[in-house]
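# Observations on the model geometry
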Amino acid sequence: MRVPITTATNNQAFAVCEVLDERDHQDVKWGVQDHDPFTYVAILGEEFGEFCREVLESNRGVPTTNLYTEAVQVAAVALKIIECLRWDQWGWSRPATEEQVWEDCGAREIADMCA
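From a predicted model like this one, the values you see are computed outputs, not experimental measurements.

Within the fold, Glu22 resides in helix α1 (residues 10-30). Buried charge without a salt bridge: Glu22, with Lys29 as the nearest opposite-charge side chain at an N-O distance of 7.3 Å.

Written as C-alpha coordinates, this is what we have:
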(Lines give C-alpha, C1' and ligand atoms only; values in the text may rest on other atoms or scores of the structure.)
Protein backbone atom coordinates (compact mmCIF):
# COMPACT_ATOMS: atom_id res chain seq x y z
CA MET A 1 0.00 0.00 0.00
CA ARG A 2 1.37 3.40 -0.97
CA VAL A 3 1.58 5.95 1.83
CA PRO A 4 0.47 9.44 0.79
CA ILE A 5 3.48 11.70 0.32
CA THR A 6 1.88 14.26 2.62
CA THR A 7 2.56 11.90 5.55
CA ALA A 8 6.33 11.99 4.94
CA THR A 9 8.30 13.31 7.87
CA ASN A 10 10.79 16.14 7.47
CA ASN A 11 13.55 13.58 7.96
CA GLN A 12 12.16 11.43 5.12
CA ALA A 13 11.81 14.43 2.83
CA PHE A 14 15.38 15.50 3.60
CA ALA A 15 16.67 11.98 2.92
CA VAL A 16 14.83 11.84 -0.41
CA CYS A 17 16.28 15.22 -1.35
CA GLU A 18 19.77 13.95 -0.53
CA VAL A 19 19.25 10.92 -2.77
CA LEU A 20 17.92 13.10 -5.61
CA ASP A 21 20.92 15.43 -5.25
CA GLU A 22 23.25 12.42 -5.45
CA ARG A 23 21.43 11.19 -8.58
CA ASP A 24 22.05 14.58 -10.17
CA HIS A 25 25.70 14.42 -9.12
CA GLN A 26 26.06 10.96 -10.67
CA ASP A 27 24.56 12.18 -13.95
CA VAL A 28 26.97 15.12 -14.05
CA LYS A 29 29.95 12.93 -13.13
CA TRP A 30 29.22 9.92 -15.37
CA GLY A 31 26.83 11.22 -18.02
CA VAL A 32 23.80 9.25 -19.14
CA GLN A 33 23.82 5.83 -17.52
CA ASP A 34 21.74 3.29 -19.42
CA HIS A 35 23.33 0.02 -18.38
CA ASP A 36 22.07 -3.51 -18.55
CA PRO A 37 20.88 -5.14 -15.31
CA PHE A 38 24.14 -7.03 -14.79
CA THR A 39 26.18 -3.82 -14.90
CA TYR A 40 23.84 -2.17 -12.44
CA VAL A 41 24.16 -5.15 -10.10
CA ALA A 42 27.94 -4.62 -10.18
CA ILE A 43 27.63 -0.87 -9.57
CA LEU A 44 25.13 -1.37 -6.75
CA GLY A 45 27.30 -4.11 -5.27
CA GLU A 46 30.34 -1.82 -5.29
CA GLU A 47 28.43 0.96 -3.55
CA PHE A 48 26.90 -1.46 -1.04
CA GLY A 49 30.38 -2.88 -0.37
CA GLU A 50 31.65 0.61 0.47
CA PHE A 51 28.69 1.09 2.81
CA CYS A 52 29.44 -2.29 4.46
CA ARG A 53 33.09 -1.32 4.92
CA GLU A 54 32.03 1.86 6.73
CA VAL A 55 29.66 -0.12 8.98
CA LEU A 56 32.37 -2.66 9.85
CA GLU A 57 34.95 0.05 10.58
CA SER A 58 32.45 1.88 12.76
CA ASN A 59 31.70 -1.35 14.64
CA ARG A 60 35.43 -1.79 15.33
CA GLY A 61 35.60 1.69 16.82
CA VAL A 62 37.28 3.26 13.81
CA PRO A 63 35.93 6.79 13.31
CA THR A 64 33.97 6.94 10.09
CA THR A 65 32.72 9.99 8.28
CA ASN A 66 31.31 8.38 5.15
CA LEU A 67 28.58 6.07 6.45
CA TYR A 68 25.78 8.50 5.60
CA THR A 69 27.32 9.39 2.24
CA GLU A 70 27.70 5.74 1.28
CA ALA A 71 24.09 5.01 2.26
CA VAL A 72 22.91 7.89 0.06
CA GLN A 73 25.00 6.59 -2.84
CA VAL A 74 23.48 3.10 -2.48
CA ALA A 75 20.00 4.62 -2.55
CA ALA A 76 20.87 6.79 -5.57
CA VAL A 77 22.08 3.81 -7.60
CA ALA A 78 18.99 1.84 -6.59
CA LEU A 79 16.86 4.81 -7.68
CA LYS A 80 18.58 4.83 -11.09
CA ILE A 81 17.76 1.14 -11.48
CA ILE A 82 14.13 1.91 -10.68
CA GLU A 83 14.20 4.73 -13.25
CA CYS A 84 15.50 2.36 -15.92
CA LEU A 85 12.80 -0.17 -15.10
CA ARG A 86 10.13 2.51 -15.09
CA TRP A 87 11.22 3.99 -18.42
CA ASP A 88 11.21 0.69 -20.31
CA GLN A 89 14.99 0.36 -20.26
CA TRP A 90 14.58 -3.40 -19.83
CA GLY A 91 11.21 -4.04 -21.41
CA TRP A 92 8.66 -2.53 -19.03
CA SER A 93 5.98 -0.21 -20.34
CA ARG A 94 6.93 3.44 -20.60
CA PRO A 95 4.57 5.82 -18.77
CA ALA A 96 2.37 7.92 -21.02
CA THR A 97 4.00 11.23 -20.13
CA GLU A 98 6.51 12.64 -17.70
CA GLU A 99 3.67 14.60 -16.11
CA GLN A 100 1.83 11.31 -15.44
CA VAL A 101 4.92 9.97 -13.67
CA TRP A 102 5.03 13.05 -11.44
CA GLU A 103 1.37 12.55 -10.59
CA ASP A 104 1.67 8.78 -10.06
CA CYS A 105 4.26 8.99 -7.31
CA GLY A 106 3.69 12.40 -5.80
CA ALA A 107 7.13 13.48 -6.97
CA ARG A 108 6.02 17.06 -7.54
CA GLU A 109 5.34 17.32 -3.80
CA ILE A 110 8.79 15.88 -3.10
CA ALA A 111 10.39 18.39 -5.49
CA ASP A 112 8.53 21.21 -3.74
CA MET A 113 9.88 20.00 -0.37
CA CYS A 114 13.42 19.93 -1.77
CA ALA A 115 13.23 23.49 -3.12
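Taken as a whole and judged by the stated rule, the model has four salt bridges. For the salt bridge of Asp27 with Arg23, the shortest nitrogen-to-oxygen distance reads 3.2 Å. Of this pair, Asp27 and Arg23 are both found in helix α1, four residues apart, which corresponds to roughly one turn of the helix. Classification of Arg23 by relative accessible area gives buried; the value is 6%. For Arg53, the salt bridge goes to Glu54, with nearest N and O atoms at 3.9 Å.

We now examine the side chain of Glu70. Position of Glu70 relative to the elements: it lies in helix α3 (residues 67-86). Here Glu70 is buried and forms no salt bridge, its nearest opposite-charge partner Arg53 lying at an N-O distance of 4.6 Å. Once you skip the residues sitting within four places of it in the chain, Glu70 turns out to touch Glu47, Glu50, Phe51 and Glu54.

The subject of this paragraph is the layout of surface pockets. In this structure, the second largest pocket occupies an estimated 290 Å³ of space. Along the walls of the second largest pocket sit 15 residues, with Gln26, Trp30, Ile43, Glu47 and Val77 positioned nearest its centre. Sorting the residues of the lining of the second largest pocket by element identifies α1, α2 (37-59) and α3 as the ones contributing at least two each. Its residues assigned to classes, the lining of the second largest pocket shows four nonpolar, four polar and seven charged.

The subject of this paragraph is the packing of α1 against α3. A packed helix pair is summarised by two numbers, namely the angle formed by the two axes and the spacing between the axes. At a closest axis distance of 8 Å, the pairing of α1 and α3 adopts a crossing angle of 70 degrees. Relative to α3, the element α1 is oriented roughly perpendicular. Within the contact between the two elements, α1 uses Phe14, Glu18, Val19, Leu20, Glu22, Arg23 and Gln26 and α3 uses Tyr68, Val72, Gln73, Ala75, Ala76, Val77, Leu79, Lys80 and Glu83. Among the residues forming the contact of α1 with α3, the class breakdown is nine nonpolar, two polar and five charged.

Turning next to the environment of Lys80. Residue position: Lys80 is located in helix α3. It is 9.0 Å that separates the C-alpha atoms of Lys80 and Asp34, two residues lying 46 residues apart in sequence. The contacts of Lys80, once residues within four sequence positions are left out, are Arg23, Gln33, Asp34 and Tyr40.

This part takes up the confidence of the model for the chain. In this model, the chain carries a mean pLDDT of 80, and residues with pLDDT of at least 70 account for 69%. Between residues 91-96, whose pLDDT stays under 50, and residues either more than four places distant or in other chains, the model counts nine contacts.

Definitions and cut-offs
- Residues numbered from 1 in each chain as written.
- Predicted model: local features only at pLDDT ≥ 70, side-chain atom pairs only at ≥ 80, totals over all residues.
- Heavy atoms only, no water.
- Helix = DSSP H or I, 4+ residues; strand = E, 2+ residues; numbered from the N terminus.
- Buried < 20%, exposed > 50% of the residue type's maximum accessible area, 1.4 Å probe, protein only.
- Lys, Arg positive; Asp, Glu negative; His and termini not counted.
- Salt bridge = Lys/Arg side-chain N within 4 Å of Asp/Glu carboxyl O.
- Contact = heavy atoms within 4.5 Å.
- 1 Å grid on protein atoms, 1.4 Å probe; cavity = no way out; pocket = protein on both sides within 12 Å on 5 of 7 lines; lining within 4 Å.
- Points joined across faces, edges and corners; volume = space filled by probe spheres on them.
- Nonpolar A, V, L, I, M, F, W, Y, C, P; charged D, E, K, R; others polar.
- Axes fitted to C-alpha atoms, helices over the stretch in contact; angles between N-to-C directions.
- Parallel < 35°, antiparallel > 145°, perpendicular 65-115°, else oblique.
- pLDDT = per-residue confidence, 0-100.

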